[in-house]
2 protein chains.
Amino acid sequence: MAQVEIITIGDELLIGQIIDTNSAWLAQQLNLAGFAIKQITSVSDNREHILQALELAESRANIIITTGGLGPTADDITKPAFAEYFQSGMRIDEGVLADVTAYLTQKGRQVGENNRLQALVPEKCTVIRNHIGTAPVMWFEKNDKVFISLPGVPFEMKELSSSRVIPKLKERFKTPKIYHKTVMTNGLPESVLADKIKDWADALPEYMKLAYLPSPETVRLRISVSSFEQNIENMVNEQIDKLQPLIGKYIFAYNDEYLQETIGKILSQKNATMATAESCTGGSIAQLITSIAGSSQYYKGSIVAYANETKMALLDVPGEMLEKFGAVSKEVAEAMAKGAIKRLNTDFAVATTGIAGPDGGTPEKPVGTVWIVAASKDKVISRVYTMNIKRDINMRLASSAALQLLRFLILEIE
Amino acid sequence: MAQVEIITIGDELLIGQIIDTNSAWLAQQLNLAGFAIKQITSVSDNREHILQALELAESRANIIITTGGLGPTADDITKPAFAEYFQSGMRIDEGVLADVTAYLTQKGRQVGENNRLQALVPEKCTVIRNHIGTAPVMWFEKNDKVFISLPGVPFEMKELSSSRVIPKLKERFKTPKIYHKTVMTNGLPESVLADKIKDWADALPEYMKLAYLPSPETVRLRISVSSFEQNIENMVNEQIDKLQPLIGKYIFAYNDEYLQETIGKILSQKNATMATAESCTGGSIAQLITSIAGSSQYYKGSIVAYANETKMALLDVPGEMLEKFGAVSKEVAEAMAKGAIKRLNTDFAVATTGIAGPDGGTPEKPVGTVWIVAASKDKVISRVYTMNIKRDINMRLASSAALQLLRFLILEIE
């Protein structure tokens, strides 16, 4: 497999002002395209240091990709460093000059001398024009090795890599076919999930790779195949079918669809509506649901009832019930869900009430105790969870658990 | 200034599965402690490659810090690589063994042979024990250079660096005194802010560095001084005082205090309460406010009124008003804020109504149009904003704008 090295250039990376997300993105995309990454290096805007990094990378890899250091100011010196490395003179590229002029004109800005200099490129490079910014991609070849300079602005780098650079690299180097599919699960901690699917994972063919990608809410299982064979999609799907009897109910979607999108699709298909009644999640569920464009079709709103007074006034939770069972109780959670269905006039509702922390716990109801209810007009499911981590994580976990519980209720999953 | 190189070790970094946030965090903290970062390198769990990276780093820097590759499994080979680099045998460290045993016992897990191997360290290193995990810090010295191996788990790495490693490095190397203060602003775009403070920024003494750290909601201005002089705190504070007449009203706090915390402090001081009535922000403001521990003292809740029906039923917005002016209007936003004060029985409320996008815009009210209102029982401030970016960013911008407007109302800032 062709080996790639990525060199990110810029002082801002070395003082920790900016986290280098470019190289992680590039590494991921290049992997998916069938290339192996040998090393990632971040260096400052320093001539000698850039030259040394290029030389060392050339000694290890077939393809060397740099990002950054292409701005119009004097501290950006990637271009002269490349010219020196390839012992090349400079020329004005008329295509790049046209792009820079068009870009600045469109933004209502003047073309200054600094901008004209952006059209100056080493004579020995092939230019790939940048249709969404000012710095072009420069492509050099030397002894069967390829050197590519990309702009450092993330959205330009990503767009140019996806549409121009990676396709061109795939033509230039022989790469295997890659297929991957992600299984989205909610409700099983990573270690429990791993136990449940251990035999399945052990029996996967050797050319199939399994990665656990956990977040507080969701454990994503990514199955990848890299092969020169055809028909690899079917090979992956056959294995995924075998997961159904093991963890089927926890799988809500595939390929980076999140629970709030799944819930939206389910409700749209049924032409149904929902509401939320949130205490300890404090609006987090509402925020997740409304993050999806078009959610106003099925989502009528939330009553974030942080105070007991609000639970009584807006969700019709009886004062005696709060008195008798406390705000964090099954009874109150169920009353909140029913109150939301009635007050917001919906088919479904979820409700949460709990102790998000860090204070407010008691021996009986420690921090992290959360009652979650999903309800329709004639059915209720209630669960209590103990998620004693950090306040923000507790809130995220409770929000996703509520959405999963609603999915179980609507789809009648036991 | 002492030069540092950071080497992050792990295959997962090179396939883009994990974004290397460790090195950015370390670079930032080391900079603030008075060290300069020369290079950041990510390499795979490969013996030769690690040895080469150590050798190259030694040729350029005074301090070489590695993270990762210290797990109990066979693919983690940082430890033998260090032993080989320093031509050192291995020994069992009893302190580390005690830590590993205590850590696993506390988690209810058995100590296996793999775990015992975690107590094996090169003879030539000094061990810094890890009180929150299993992999110890290893500290090597060679020809006036220091080599440090840190665990890769971010929270362990951060805790051990802050409490043990950076203090020890500051004793070992002469470092300048560093002071920095961050000015938190909301309400001025970065370019407008930069214009307003241009003369001030140009007049800053040369030894004072200004960094703009923009996010959608907040532009943070970080002023740093690195000096062997005393009294540098006063030097920074004197400059910050001069910002007041220029951008005073937009400054809500210092040193990474966020607007939701500022609002919480203001309300607590006044012993006052607030509520929110959210349409286009969909619970985001509630989520921000309740992210602060103790917010139940001043926050009673939110009515997330996504549907017009909900605005009428729960916030008493008259149907005729919605008919006449539309949901996205000054009139409706003000009625929502008043409805929230009444229904949730609070001193203050904020309300939002707008078109978050990507669809739903009209020529008169394009996507991104948002009415925001802050109200008390006898005062109302209303503003219309046009923030046409992406749905999620629109919602974040509108939420922070609402909190800033509430701050203006409560503090009577014109």
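It should be emphasised that the depicted structure is a prediction, and the values quoted were computed from it without experimental measurement. (Residues numbered from 1 in each chain as written. Chains lettered and ligands numbered in written order. Predicted model: local features only at pLDDT ≥ 70, side-chain atom pairs only at ≥ 80, totals over all residues. Heavy atoms only, no water.)

A.B. asks: Even after reading the chapter, I still don't get the relation of the copies chain B and chain A, so can you show me in this structure?
C.D. replies: The operation relating the two chain copies consists of a rotation about an axis and a shift along that axis. Take chain B, turn it by 180°, move it 0.4 Å along the axis, and it overlays chain A with an RMSD of 0.5 Å. One copy is carried onto the other by what is essentially a two-fold rotation axis. Most of the interface of chain B is mirrored in chain A, where 98% of its interface residues again form contacts. (Least-squares fit on C-alpha atoms with pLDDT ≥ 70 in both. Contact = heavy atoms within 4.5 Å.)

A.B. asks: It is not clear to me how helix α5 (residues 94–106) of chain B should be interpreted in this structure. Could you clarify?
C.D. replies: Side chains three or four residues apart in an α-helix point the same way, a direct result of the helix having 3.6 residues per turn. Residue and element names in this part refer to chain B. Helix length check: α5, at 13 residues, gives a terminal C-alpha distance of 18 Å against a target of 18 Å (1.5 Å per residue), a fit within 8%. For α5, the full list of buried residues reads G95, V96, L97, D99, V100, Y103 and L104. Where α5 is buried, its residues contact α6 (113–117) and β6 (126–128). Between a side-chain oxygen at the N-terminus of α5 and the backbone nitrogen of G95 the separation is 3.0 Å; the capping residue is D93. One or two steps after α5, the chain reaches G108, where phi turns positive at roughly 75°. (Helix = DSSP H or I, 4+ residues; strand = E, 2+ residues; numbered from the N terminus. Expected span 1.5 Å × (residues − 1). Buried < 20%, exposed > 50% of the residue type's maximum accessible area, 1.4 Å probe, protein only. Polar contact = N/O pair within 3.5 Å; in protein donor to acceptor, adjacent residues only side chain to side chain.)

A.B. asks: Just to check I follow, could you spell out the nonpolar core for this structure?
C.D. replies: Soluble, globular proteins show a tendency: their nonpolar side chains are buried together. Within the largest apolar cluster, 71 residues are counted, with the highest numbers of intra-cluster contacts made by A:M274, A:L406, B:M274 and B:L406. Excluding anything up to four places from it in sequence, A:L406 contacts A:I263, A:M274, A:F348, A:A349, A:V350 and A:A374. Among the nonpolar cores identified, the runner-up in size contains 48 residues, and A:L315, A:M336, A:L344 and B:L344 belong to it. (Core = buried A, V, L, I, M, F, W, Y, C linked by side-chain atoms within 4.5 Å.)

A.B. asks: What is the right way to read the interface of chain B and chain A from this model?
C.D. replies: As a measure of interface size, the accessible area lost when the parts come together is often cited. Contacts between the two partners involve 61 residues from chain B and, on the opposite side, 60 residues from chain A. On inspection of chain B and its partner chain A, the count reaches two salt bridges. Here the residues of the side of chain B that touches chain A sort into 28 nonpolar, 25 polar and eight charged. Note that strand β2 (residues 36–43) of chain A and strand β2 (residues 36–43) of chain B share five bridges and pair antiparallel. From the neighbouring strand, A:S42 faces β2(B), where its bridge partner is B:I40. (Salt bridge = Lys/Arg side-chain N within 4 Å of Asp/Glu carboxyl O. Nonpolar A, V, L, I, M, F, W, Y, C, P; charged D, E, K, R; others polar. Pairing = 2+ DSSP bridges.)

A.B. asks: What exactly am I supposed to notice about the domain arrangement of chain A here?
C.D. replies: All names here are of chain A. Taken domain by domain, chain A consists of domain 1 (3–172), domain 2 (177–254) and domain 3 (264–411). The straight-line distance from the C-alpha centre of domain 2 to that of domain 3 is 31 Å. Opposite the seven residues of domain 2 that make contact, domain 3 presents seven residues. Taking both partners together, domain 2 and domain 3 bury about 690 Å²; carbon and sulfur atoms supply 49% of that area. If you look at where domain 2 meets domain 3, you find one salt bridge. (Domains from an automatic or database assignment. Buried area = accessible area lost by both parts, 1.4 Å probe.)

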